[in-house]
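This is what each chain is made of:
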Amino acid sequence: SAIRQGHGLHPCFKNPQRLLQERQTGREEGCLEMAVTVYGIKNCDTMKKAFAWLGDHDVAYRFHDYRVAGIDAAAVTLWAGTLGWEKLLNKASSTFKALPAEAKADLDEARAIALMVDNPTMIKRPVLVTDNTTIAGFKPEIYADAFGA
């Protein structure tokens, strides 16, 4: 897994109930501005582990299934710039392995991004994005560190 983290997460990530309390008391501290989006494909075992971890730790998130909705080049380019395209490209995926040798030869960032946009199942899963954190892959200890769990 790979992680790039900013200046810590807002307390509402650690306790989604806080958002409800702040709304009720009128002391909202910007929770509506925060978002967690998980990108991947629904039937992946690693995705299921990440979903379970997020649920067990009461982390609210939005799921983007790029097998259904696709993924745009801007998102993949941003992730590659943050994490490195080598960490983002899942060379162990059956889709990548099935590519002809010439498609895999002499990969650079631009070619890797084009491959991932055309074949999103080549992207390491899941990709979790918040306002200040991008994580590729799932390891409980990395999620715990990112969310202060």
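Numbers given to residues run from 1 along each chain, matching the order in which its sequence is written. The predicted origin of the model limits local features to residues at a pLDDT of at least 70 and limits the giving and counting of side-chain atom pairs to 80 or more, whereas totals for whole chains, interfaces and linings rest on all residues. As a convention, hydrogens and water are excluded, and side-chain values are obtained from all of the structure's heavy atoms.

### Considerations on the pairing of strand β3 (residues 62-65)
Argument step 1. Criterion used throughout: strands pair if DSSP finds at least two bridges between them. Secondary structure is summarised from DSSP: a helix means a run of H or I of at least four residues, a strand means a run of E of at least two, and numbering begins at the N terminus for each. Pairing analysis gives 4 bridges linking strand β2 (residues 37-40) to β3, with the strands arranged parallel. Paired with Tyr-39 across the bridge in β3 is His-64.
Argument step 2. Seen with its strands pointing away from the viewer, a crossover is right-handed if its path from the first strand over the helix to the second goes clockwise. After leaving β2, the chain enters helix α3 (residues 45-56) and then returns to the sheet as β3, a path that is right-handed.

### Notes on the nonpolar core
Argument step 1. In this text, buried Ala, Val, Leu, Ile, Met, Phe, Trp, Tyr and Cys residues form a nonpolar core when linked through side-chain atoms within 4.5 Å. We call a residue buried when its accessible area falls under 20% of the maximum for its residue type, exposed when it is over 50%, and partly exposed in between, using a 1.4 Å probe and counting protein chains only. Counting 41 residues, the largest nonpolar core has Trp-79, Leu-88, Met-116 and Ile-123 as the members making the most contacts within it.
Argument step 2. Among the secondary structure elements, those contributing two or more residues to this core are β2, α3, α4 (73-83), α5 (85-88), α8 (109-118), β4 (127-129), β5 (133-136) and α9 (140-147).
Argument step 3. In this analysis, two residues are considered to be in contact whenever any of their non-hydrogen atoms come within 4.5 Å of each other. When neighbours within four sequence positions are excluded, Trp-79 is seen to be in contact with Tyr-39, Ile-71, Gly-84, Leu-88, Ile-123, Val-127, Val-129 and Thr-134.

### With respect to unusual backbone geometry
Argument step 1. Of the consecutive residues Arg-125 and Pro-126, the connecting peptide bond is found in the cis state with omega at -15°.
Argument step 2. Turning to its location among the elements, Pro-126 is positioned in the loop between α8 and β4.
Argument step 3. With a phi close to 55°, Asp-58 is a non-glycine residue in the positive phi region.
Argument step 4. Within the secondary structure, Asp-58 is located in the loop between α3 and β3.
Argument step 5. Located in the positive-phi region is Asp-106, a residue other than glycine, with phi close to 55°.
Argument step 6. Here Asp-106 lies in the loop between α7 (101-104) and α8.
Argument step 7. A relative accessible area of 72% places Asp-106 in the exposed class.

### A word on the packing of aromatic side chains
Argument step 1. Any Phe, Tyr or Trp ring, taking Trp's six-membered ring, that has another such ring centre within 6.5 Å forms a pair; planes under 30 degrees apart are called stacked, those over 60 apart edge-to-face, and the others tilted. Counted by the stated rule, this structure contains 7 aromatic pairs.
Argument step 2. With 6.0 Å between their ring centres and 40° between their planes, Trp-53 and Phe-147 make a pair best called tilted. Of this pair, Trp-53 sits in helix α3 while Phe-147 sits in helix α9, and the two are 94 residues apart along the sequence.
Argument step 3. For Phe-147, a relative accessible area of 3% gives the class buried.

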